[in-house]
Amino acid sequence: NLQGDLIINPLPAAITVKVLANDKCFNEPVPVAVSGLGNLTAATLSYMLSDSNSSTLQTVVLNVVNGNADFFIPVNLLANTGTTVISASNLMNNTTLCDVSLNNVSDGFFVNPIPSAPTVNNLQTFCKVDGATITNLTPRGSQYKWYVSQTAATPLADTYVLKTENLYVRETSSANCTSAPTAVSIVV
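Rules used throughout
Residues numbered from 1 in each chain as written. Predicted model: local features only at pLDDT ≥ 70, side-chain atom pairs only at ≥ 80, totals over all residues. Heavy atoms only, no water. Helix = DSSP H or I, 4+ residues; strand = E, 2+ residues; numbered from the N terminus. Rg over C-alpha atoms; globule rule 2.2 N^0.38 Å. Buried < 20%, exposed > 50% of the residue type's maximum accessible area, 1.4 Å probe, protein only. Contact = heavy atoms within 4.5 Å. Areas by Shrake-Rupley, 256 points an atom, 1.4 Å probe, with all protein chains shown as cover. Lys, Arg positive; Asp, Glu negative; His and termini not counted. Charge placed at Lys NZ, Arg CZ, Asp CG, Glu CD. Pairing = 2+ DSSP bridges.

A.B. asks: Looking at this structure, how should I read the overall build of the protein chain?
C.D. replies: In terms of regular secondary structure, the protein chain is built from 0 helices and 12 strands. When the helices and strands of the protein chain are placed in sequence order, the string is β-β-β-β-β-β-β-β-β-β-β-β. Computed over the C-alpha atoms, the radius of gyration of the protein chain is 25 Å, more than 25% above the 16 Å expected from 2.2 N^0.38 for a compact globule of 188 residues. For the protein chain, the spread of C-alpha atoms along the three principal axes comes to 105 × 30 × 20 Å. When burial is assessed residue by residue, the protein chain has 38% of its 188 residues classed as buried. Within the protein chain, contacts between residues at least 6 apart in sequence are counted, and of these 61% link residues at least 24 apart. Of the roughly 11,100 Å² of accessible surface on the protein chain, a fraction of 52% belongs to carbon and sulfur atoms. Here the protein chain contributes 7 positively and 11 negatively charged side chains, and the mean placements of these two sets differ by 16 Å.

Next comes the structure, spelled out in structure tokens:
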């Protein structure tokens, strides 16, 4: 006559789970927001990628706060540009180890291409008396930003007065993806 208590743990709520992936540039990890996780505190999500980028089944441990969690799809799973779909297939409560299959929990996102490094005249010459500025450099256009170094993050203002030095130009696409820099020698 053995007796004991039996604890039946509830399954995670599958119907409220949603994933939202953001568009990103090639060679950047893609952030994913997971919502509708209820009162879970730690969970494991299984997902796959399809379309332009496909993957085998991936798992990620989520730290859940107020029913929400975030993670990144790693760059090594995103080898191609174009539309990709993330489809979540399983959610496990890491405390009880109860899990539930997910149906129709997916989102599409776009991996944007990186523009090619600008093709420029590598030597641009100006007269000091002209007071040339960034706006006198070629190529011109709002998509081109000029920098003082290959690694600079802040572009020079259009009013920056040119002097004899090396500058670097990058092209930024409409999706805000930035090319590699091209060096330009400025002679005043």
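Moving on from the coordinates now.
A.B. asks: Even after reading the chapter, I still don't get the environment of G36, so can you show me in this structure?
C.D. replies: Residue placement: G36 occurs in the loop between β3 (30–35) and β4 (42–51). Under the relative-accessibility criterion, G36 is labelled partly exposed at 22%. Apart from the residues within four sequence positions on either side, G36 is in contact with A13, T16, V17, G67 and N68.

A.B. asks: Whenever I open this one, the pairing of strand β12 (residues 182–187) confuses me. Can you help?
C.D. replies: The side chains of a regular strand alternate, first on one face of the sheet and then on the other. Residue alternation in β12 divides its side chains into a buried set, T182, V184 and I186, and an unburied set, A183, S185 and V187. Sheet analysis places strand β9 (residues 123–125) next to β12, joined by 3 bridges and oriented parallel. Note that in β12 the partner of L123 across the bridge is S185. As defined by bridge partners, strand β11 (residues 165–171) adjoins β12 across 5 bridges and the pair is classed as antiparallel. Note that in β12 the partner of N166 across the bridge is S185.

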